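# Secondary and tertiary structure notes
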Amino acid sequence: MDWKLEGLGRLMVAARRHAHAGTWVNITWPGYVGCLQGIAPGRFAAAINHAPINGMGPPFVAWPMSKVNWVGKRGVPPALLLRKVFDECDDFDMAVEMIERTPICYPAIFSVLGTQDGEFSVIERTETAKSTHKRAPAVTNHWLNKEFSGTVRAYQSEERLVAIKSRVNQGAVDDDWLLHPVLNPETRLAVDLNPTTARMRVRGYNGVQPVTSLLDIYAD
């Protein structure tokens, strides 16, 4: 997770929630009501990546323009949708279907990992369209669907995707994947979630420097 907010990594908490579909852990912050990444042991793990913003021009212009586009939208914020998914979905298929079908008020990129072979999907959502990739090994902060447009604000998104794919192909374990440019000046969280074994490894960062100890536990 790469954001420019100072102190975000240091304030991270792992909050266990007991919901209709079962227990899950939300990697979150005090007072934040949504979910950006979480794990439901035996069901699935999921995360949201910041999508390209739908304003045009340089980032300092595109960002406020994108906010204007939210006015009047009736969809839910993606972070609240992901929380609902963890609360209500019994398995990977239900999670993917809810993410694909629920109207949202601004673009987001969802990754969902199940417990069976082949259960991994990247779901790209705009306010009016969706694109699901079942074979993509990873995603960062630019659209995989080239028909979608927008301004990418994230640090070296294309380069990070190449690096992550390389680590996946090499069978990286533990922190082998957490190297530049995946680890970069804007890194705030490194999260490794396995819904099959229930193992979660989480550490807060401020840039390339860790600011918390490694949380390495089983979520069940």
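Everything below is about the structure printed above this text.
Treat the numbers as computed from the prediction; the structure is a model and nothing was measured.

What counts and what doesn't
Residues numbered from 1 in each chain as written. Predicted model: local features only at pLDDT ≥ 70, side-chain atom pairs only at ≥ 80, totals over all residues. Heavy atoms only, no water. Helix = DSSP H or I, 4+ residues; strand = E, 2+ residues; numbered from the N terminus. Rg over C-alpha atoms; globule rule 2.2 N^0.38 Å. Buried < 20%, exposed > 50% of the residue type's maximum accessible area, 1.4 Å probe, protein only. Contact = heavy atoms within 4.5 Å. Lys, Arg positive; Asp, Glu negative; His and termini not counted. Charge placed at Lys NZ, Arg CZ, Asp CG, Glu CD. Core = buried A, V, L, I, M, F, W, Y, C linked by side-chain atoms within 4.5 Å. Pairing = 2+ DSSP bridges. Axes fitted to C-alpha atoms, helices over the stretch in contact; angles between N-to-C directions. 1 Å grid on protein atoms, 1.4 Å probe; cavity = no way out; pocket = protein on both sides within 12 Å on 5 of 7 lines; lining within 4 Å. Points joined across faces, edges and corners; volume = space filled by probe spheres on them. Nonpolar A, V, L, I, M, F, W, Y, C, P; charged D, E, K, R; others polar.

## Observations concerning the overall build of the chain
Across its full length, the chain carries 4 helices and 11 strands. Here the C-alpha radius of gyration of the chain, 17 Å, is about what a compact globule of 220 residues would show, namely 17 Å. With respect to the three principal axes, the spread of C-alpha positions in the chain is 45 × 40 × 35 Å. Sorting the 220 residues of the chain into buried and exposed places 46% on the buried side. Partitioning the intrachain contacts of the chain with sequence separation of at least 6 by distance along the chain shows that 49% fall at a separation of at least 24. One finds the centroid of the 24 positive side-chain charges in the chain at a distance of 6 Å from the centroid of its 23 negative side-chain charges.

## Section: the nonpolar core
Side chains of nonpolar character tend, in soluble globular proteins, to be buried together. In this structure, Leu82, Val85, Phe86, Phe110, Val112 and Met200 are the most contacted members of the largest nonpolar core, which totals 35 residues. At the level of elements, strand E2 (22-28), strand E3 (37-40), strand E4 (44-49), helix H2 (78-88), helix H3 (92-101), strand E5 (108-113), strand E8 (189-194) and strand E9 (199-206) are the ones that each hand at least two residues to this core. Among all residues touching methionine 200, those that are not within four sequence positions of it are Ala14, Val25, Ile27, Ile39, Asp192, Leu193, Leu215, Asp216, Ile217 and Ala219. In this structure, Ile109, Val122, Ala136 and Val139 belong to the second largest nonpolar core, which totals 7 residues.

## Describing the sheet that holds strand E7 (residues 130-133)
Strands sit in the order E1-E2-E3-E4-E5-E6-E7 across an open sheet of 7 strands; the sheet is antiparallel. Strands with a single pairing partner mark the edges of an open sheet, and in this sheet they are strand E1 (13-19) and E7. Here the average twist between neighbouring strands, direction ignored, is 20 degrees. Pairing geometry for E4 and E5, over 5 bridges, is antiparallel. Among the inter-strand pairings, asparagine 49 is bridged to a residue of E5, identified as isoleucine 109. Lying on the sheet, H2 is in contact with E1, E2, E3, E4 and E5; it crosses E4 at an angle near 180 degrees. Along the sheet, H3 contacts E4, E5, strand E6 (120-125) and E7; its crossing angle with E6, the most-contacted strand, is approximately 10 degrees.

## Some words on empty space enclosed by the protein
For the coordinates displayed, the defined rule picks out 1 cavity of 30 Å³ or more. Within this model, the largest cavity holds a volume of roughly 70 Å³. Every residue lining the largest cavity is listed: Asp175, Trp177, Leu178, Ala190, Val191, Asp192, Arg201, Val202, Arg203, Tyr205 and Leu214. With 4 residues, E9 is the largest single contributor of residues to the lining of the largest cavity. Residue classes in the lining of the largest cavity are distributed as 7 nonpolar, no polar and 4 charged.

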